[in-house]
Amino acid sequence: MATSTPPAKLELRPPPYPLDALEPHMSQNTMSFHWGKHHRAYVDNLNKQIVGTELQGKSLEDVMIRTYNKGDLLPPFNNAAQVWNHDFFWDSMKPGGGGKPSGELLKAIERDFGSFEKFSEEFRSAAATQFGSGWAWLVYTVNPRPSDGKELLVLKTPNAVNPLVLGYTALLTIDVWEHAYYLDYQNRRPDYISIFMEKLVSWDAVSAKLEVAKSRVA
Amino acid sequence: MATATATTSSAVPATAFLRRQGANGGANRSLRWARNQHQRWSPRRSGAAVITAKFDLKPPPYPQDALEPHMSQNTMSFHWGKHHRAYVDNLNKQIVGTELQGKSLEDVMIRTYNKGDLLPPFNNAAQVWNHDFFWDSMKPGGGGKPSGELLKAIERDFGSFEKFSEEFRSAAATQFGSGWAWLVFNPRPSDGKELLVLKTPNAVNPLVLGYTALLTIDVWEHAYYLDYQNRRPDYISIFMEKLVSWDAVSAKLEVAKSRVA
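Residues numbered from 1 in each chain as written. Chains lettered and ligands numbered in written order. Predicted model: local features only at pLDDT ≥ 70, side-chain atom pairs only at ≥ 80, totals over all residues. Heavy atoms only, no water.

## Quick look at the UniProt feature "domain: Manganese/iron superoxide dismutase N-terminal" (unreviewed entry) in chain B
Then step 1. In this numbering, the UniProt entry assigns the feature "domain: Manganese/iron superoxide dismutase N-terminal" (unreviewed entry) to residues 54-138 of chain B.
Then step 2. Each end of residues 54-138 of chain B is marked by a C-alpha atom, and these two atoms are 26 Å apart; helix forms 56% of the span and strand 0%. (UniProt positions renumbered as here; feature names shortened; annotations may be inferred. Helix = DSSP H or I, 4+ residues; strand = E, 2+ residues; numbered from the N terminus.)

As structure tokens, this is what we get:
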């Protein structure tokens, strides 16, 4: 019997490191719930929502932008965006991460924030002050060209919203939904943010994303 | 002149030590709630003595371990002792020296809700109120079914207790991100139904939307993550089966109806 195209289904992608690789800063226990339960549920629930609809078979980013629907969110948006956001979050970290960026990325940060320390302070503050659930981001923006000439910005977003649907290119994120840090840090979100900056952030990944973003514009 | 009004319930004693008759022959338990929250006044000297009003962190009406195993003492120590306390402390810092100082909590909350264009103190003020209300919505040995006028009202407006329970649980489970689910009394219903289930995001509550709150469940992840992790539906079930204080809900309905009569 001729097989038609199999129904496209989005898959749960694992982080690019084992679940215990970010210990003790982000415990295996946390990863087993955060990736194994939360991220997995977003994938499974998204698949259930889009099966048999015109969204099935489209890319994740396509589903996300269509269901963002200019801010008038359609039901699959929360799941689609949370799948994307979590993929991006795991990529924003690495074992032995932290420290400072270098090269073009550092130059860009120093140009647009004044110094790495000022960027770090702004990023930490955004992450600490996002009330309720959400994310903090470093983003690259070129279109529309910002009036002040700055290509890099810090943003914070609520719930599942991300910079892509707002027209930016994401470079780095930290998840500040309580499920991201509660087992390891409880109410101490600022401590979690500090550890993320000092021990987890993958500046390699951020540099690579900036390079891609700039090459698209060139 | 600064009004020296204590803004939390005046029924709270100066030392909010809670005692419980327990299996150990009724001996007084040692204090379980933190010791430093009984101060009602914070006198401040600036030339002439000025009494500065500030909000206090009110303890729940039961000891910290009283809701075990359904809501652990560990959770309560963070939820009340850290989160609720921080909302109170941060609210006080935000309003000191402003025209909001000395007003009641509800007044601060409604003014800073500002018809949806939230002013900075709103999140803290509303979260103080919401958490006070949440502790009152539960009791040791809670759960079960309501009775009397409350049950009649639920059956009238939802069809049955089971249908209400399903709607409430569903609201709590589907509030995306942080927020609350509520049973409320609507004093001016256009459809004749006085009772409604609502869900609200972050710090928003029914009061600022014009309703009277009767019952709430906190579905911010900090409310259940240590005990239930991702299993919010399990937390909601246990809340309904073992924690909800129908006495408290009945009392609030009675007050709400007496205002309308």
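## Considering the interface of chain A and chain B
Then step 1. If you look at the interface, chain A gives 18 residues, while chain B gives 18 residues.
Then step 2. Across the chain A to chain B interface the summed buried area is about 1,800 Å²; carbon plus sulfur atoms make up 64%.
Then step 3. For chain A, the biggest contributors to the area lost against chain B are Phe131, Glu178 and Tyr182 of chain A; these three give 39% of the whole.
Then step 4. Put simply, chain A and chain B have 0 salt bridges between them.
Then step 5. Our count for the contact surface shared by chain A and chain B stands at 6 residue pairs in polar contact (both at pLDDT 80 or more).
Then step 6. Where the side of chain A that touches chain B is concerned, the elements lending two or more residues are helix H1 (28-50), helix H3 (76-91) and helix H6 (182-185) of chain A.
Then step 7. Among the elements that make up the side of chain A that touches chain B, the one with the highest residue count is H1 of chain A (4 residues). (Contact = heavy atoms within 4.5 Å. Buried area = accessible area lost by both parts, 1.4 Å probe. Salt bridge = Lys/Arg side-chain N within 4 Å of Asp/Glu carboxyl O. Polar contact = N/O pair within 3.5 Å; in protein donor to acceptor, adjacent residues only side chain to side chain.)

## Concerning the sheet that holds strand E3 (residues 169-175) of chain A
Residue and element names in this part refer to chain A.
Then step 1. The antiparallel open sheet is built from 3 strands, whose spatial order is E2-E1-E3. Among the strands making up the open sheet, the edge pair consists of strand E2 (152-158) and E3. Put simply, the sheet's adjacent strands are angled 25° from each other on average, direction ignored.
Then step 2. Examined bridge by bridge, strand E1 (residues 134-140) and E2 share 7 bridges and lie antiparallel to one another. Directly across from valine 139, in E2, lies its bridge partner leucine 153.
Then step 3. Packed onto the sheet, helix H4 (residues 103-113) meets E1 and E2 and runs at close to 80° relative to E2. (Pairing = 2+ DSSP bridges. Axes fitted to C-alpha atoms, helices over the stretch in contact; angles between N-to-C directions.)

## Observations concerning the confidence of the model for chain B
All names here are of chain B.
Then step 1. Put simply, chain B has an average pLDDT of 86, and 80% of its residues get 70 or more.
Then step 2. Low pLDDT, under 50, characterises residues 1-32; the stretch is placed with 45 contacts to residues that sit more than four places away or in other chains.
Then step 3. Below pLDDT 50 for its whole length, residues 34-46 participates in 28 contacts with residues either more than four positions away or in separate chains.
Then step 4. The ipTM for the predicted assembly is 0.94, set against a pTM of 0.88. (pLDDT = per-residue confidence, 0-100.)

## Brief notes about the sheet that holds strand E3 (residues 179-185) of chain B
Residue and element names in this part refer to chain B.
Then step 1. The sheet built from 3 strands is open, its strands ordered E4-E3-E5 with antiparallel pairing. Of all strands in the sheet, those bounded by a partner on one side alone are strand E4 (195-201) and strand E5 (212-218). Neighbour to neighbour, the strand axes of the sheet diverge by 25° on average, direction disregarded.
Then step 2. Across 6 bridges, the pairing between E3 and E5 is antiparallel. Following the sheet pairing, leucine 183 is matched in E5 by leucine 215.
Then step 3. The strands that helix H4 (residues 148-158) touches are E3 and E4; relative to E4, the one it contacts most, it runs at about 80°.

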